[in-house]
Amino acid sequence: MVVTINKSTAFGRVTAPPSKSMAHRYLICAALSPESVIEGVGFSEDIKATLCCLEALGANVEIKGNTVRIGGIDIDKVIKSDKLFCNESGSTLRFLIPLCLLFNREITLSGSKRLMERSLSVYEDICAAVGLEFRQTQDSVTVKGRLKAGKYSVRGDVSSQFISGLMFALPLLANDSVIDITGALESGSYLGMTVKALADFGVRISRTDEHTIYIKGNQTYKPRELTVEGDYSNAAFFDALNALGGNVAVSGLKKDTCQGDAVYKKLFGEIVRGCPEIDISDCPDLGPVLMAAAAANNGAHFTGTHRLKIKESDRGAAMAEELAKFGCKTLIGDNDITVHACTLKTPELPLNGHNDHRIVMSLAILCTLTGGKIYGAQAVSKSFPDFFERFSSLGIDLEVEE
């Protein structure tokens, strides 16, 4: 899909889409309950992947509008399929591997080439340490064995998704477990979201300190009826328009949220006021849109950026390549990125979405100032299928070519 955007000033109101991060968590917890109802679900490609995989593991799934009735996974029963397709969803893959290790049978998880390139070393090390089977190829990962309660040491600087995956599975075991987080913890706010989701389904997790998680065994997921809250991660792309001279009101966001990306409002303010230094180690998904906002204002120096390399694309390098087409210079270090102040120009070359939803949406923001053509814009379907419809509703002049 190619999207052509002409110079436009955004004006109007928009409702934040449902939180993809919380939807993943609620759907997994609900699938492990006898039956629950989750309302306000946004059916992005990632969420569809999670639903399909949960159904393969034995969940009964009924969808009506944006409501999902789901439940029934039982680790003592036969699963529906031993082949799980995660598409491009890192959350699906990393959250579900520990659950697959509860069934004591061989299960293969596959996905896109880029997804299978992303590290699973944390689970590989865990399986090796406790004698579980873990085989990875270019196309898939196969696991077999029965996860046991006990103490698990997990690096905190790779991805909090590995820790969350264990947190979903370990409460179902007969005995208690402890997760020891080694090194610096990054994206810690995402663990807070997992703790909240578990608590909402009656599963209690204790964090005795920042690096120790105590999980009582023999717990059950209770039936619930819940609504997915609005998504700060994707709302940021609309609020970014205000940092570029627009006038956009974003509604549907919960004020007392666990979402770490809620910090974007503060960070946009810093970018507009000057050339700040911003640590994004706890909010890496904001990296591309913050880089775009910096390019349109006074530049910025970002630290804690090393994990941008292992997302849907190498996001730092991808943004640097595309910002150069706007005339903006970017310097990339091992764990920092500097976006220099510049005068944005209309790109003479087509912009490349790098098969990354957050890159596409960040480029769309900048094109409202300069105009431009984005190739590979269909990548937004991964998290935000109706992004361009909502974008257009704010008075942005654009044309979509399928």
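Just so it is clear, the structure is predicted and the values come from calculations on it, not from any experiment.

What counts, and at which threshold
Residues numbered from 1 in each chain as written. Predicted model: local features only at pLDDT ≥ 70, side-chain atom pairs only at ≥ 80, totals over all residues. Heavy atoms only, no water. Helix = DSSP H or I, 4+ residues; strand = E, 2+ residues; numbered from the N terminus. Rg over C-alpha atoms; globule rule 2.2 N^0.38 Å. Buried < 20%, exposed > 50% of the residue type's maximum accessible area, 1.4 Å probe, protein only. Contact = heavy atoms within 4.5 Å. Areas by Shrake-Rupley, 256 points an atom, 1.4 Å probe, with all protein chains shown as cover. Lys, Arg positive; Asp, Glu negative; His and termini not counted. Charge placed at Lys NZ, Arg CZ, Asp CG, Glu CD. 1 Å grid on protein atoms, 1.4 Å probe; cavity = no way out; pocket = protein on both sides within 12 Å on 5 of 7 lines; lining within 4 Å. Points joined across faces, edges and corners; volume = space filled by probe spheres on them. Nonpolar A, V, L, I, M, F, W, Y, C, P; charged D, E, K, R; others polar. Pairing = 2+ DSSP bridges. Axes fitted to C-alpha atoms, helices over the stretch in contact; angles between N-to-C directions. Polar contact = N/O pair within 3.5 Å; in protein donor to acceptor, adjacent residues only side chain to side chain. Phe/Tyr/Trp six-rings, centres within 6.5 Å; stacked < 30°, edge-to-face > 60°. Salt bridge = Lys/Arg side-chain N within 4 Å of Asp/Glu carboxyl O.

(A) Quick look at the overall build of the protein. For the protein, the count of helices and strands is 13 helices and 22 strands. Rg of the C-alpha trace for the protein: 21 Å, near the compact-globule value of 21 Å for 402 residues, within the 12% margin. Expressed along its principal axes, the backbone C-alpha trace of the protein runs to roughly 60 × 45 × 40 Å. In the protein, buried positions account for 59% of the 402 residues. Across the protein, the fraction of contacts at a sequence separation of at least 24, relative to all contacts at a separation of at least 6, is 73%. Summed over all atoms, the accessible surface of the protein reaches about 15500 Å², with 48% contributed by carbon and sulfur. Across the protein, the mean location of the 43 positive side-chain charges is 3 Å away from that of the 48 negative side-chain charges.

(B) Geometry of empty space enclosed by the protein. A full pass over the atoms with the stated rule returns four cavities of 30 Å³ or more. Within this model, the largest cavity holds a volume of roughly 370 Å³. Taken together, 28 residues form the lining of the largest cavity, with Ser-91, Gln-161, Tyr-190, Asp-285 and Lys-311 sitting closest to its centre. Of all elements in the fold, only helix 1 (20–31), helix 3 (90–100), helix 6 (160–169) and helix 12 (357–370) reach the threshold of two or more residues within the lining of the largest cavity. Looking at the lining of the largest cavity, its residues break down into five nonpolar, ten polar and 13 charged.

(C) Main features of helix 11 (residues 315–325). Of all eleven residues that make up helix 11, eight are buried, and the element is covered over most of its length. Inspection of helix 11 places Arg-315, Gly-316, Ala-318, Met-319, Ala-320, Glu-322, Leu-323 and Lys-325 among the buried residues, and these make up the whole buried set. In this fold, the buried residues of helix 11 make contact with helix 10 (287–296), strand 18 (330–332), strand 19 (336–339), strand 20 (351–352) and helix 12. Gly-327 occupies a position one or two residues after helix 11 and carries a positive phi of about 90°.

(D) The arrangement of the sheet that holds strand 8 (residues 133–136) in detail. Pairing is mixed in the open sheet, where four strands are placed in the order 6-7-9-8. Single-partner strands in this sheet number two, and they are strand 6 (83–85) and strand 8. Each neighbouring strand pair of the sheet contributes to a mean axis angle of 15°, computed without reference to strand direction.

(E) The pairing of strand 2 (residues 11–15), seen in detail. Of the two faces of strand 2, the one holding Gly-12 and Val-14 is buried and the one holding Phe-11, Arg-13 and Thr-15 is not buried anywhere. Of the strand pairs in this sheet, strand 2 and strand 15 (residues 247–251) are connected by five bridges, and their pairing is parallel. Bridged to Phe-11 within strand 15 is Asn-247.

(F) Summary view of the side chain of Thr-194. Position of Thr-194 relative to the elements: it lies in helix 7 (residues 188–200). Polar side-chain contacts of Thr-194 include one of 2.9 Å to the side chain of Arg-25. Residues contacting Thr-194, with those up to four places away along its chain left out, are Arg-25, Ser-164, Met-167 and Phe-168.

(G) Inspection of the packing of aromatic side chains at higher detail. Following the criterion strictly, the structure yields twelve aromatic pairs and no others. Measuring from centroid to centroid gives 5.9 Å for Tyr-26 and Phe-201, while their planes differ by 65°, and the two rings are edge-to-face. In this pair, Tyr-26 sits in helix 1 while Phe-201 sits in the loop between helix 7 and strand 12 (205–209), placing the two residues 175 residues apart along the sequence. Both residues of the pair, Tyr-26 and Phe-201, belong to the buried class. Ring centres 4.9 Å apart and planes at 80° place the aromatic pair Tyr-123 and Phe-162 in the edge-to-face group. You can see Tyr-123 sitting in helix 5 (residues 121–130) and its partner Phe-162 sitting in helix 6, a full 39 residues away along the chain. An aromatic cluster of at least three residues, connected via ring pairs, comprises Phe-237, Phe-238, Phe-384, Phe-387, Phe-388 and Phe-391.

(H) Quick look at the pattern of salt bridges. By the definition in use, this model includes 23 salt bridges. The salt bridge involving Asp-46 is made with Lys-382; its shortest N-O contact spans 2.8 Å. With Asp-46 in helix 2 (residues 45–56) and Lys-382 in the loop between strand 21 (372–375) and helix 13 (387–393), this pair connects stretches of sequence that are 336 residues apart. Here Asp-46 and Lys-382 have matching classes, each one buried. One salt bridge connects Glu-133 with Arg-135, and the closest N-O pair in it is separated by 1.9 Å. Classification of Glu-133 as partly exposed rests on a relative accessible area of 30%.

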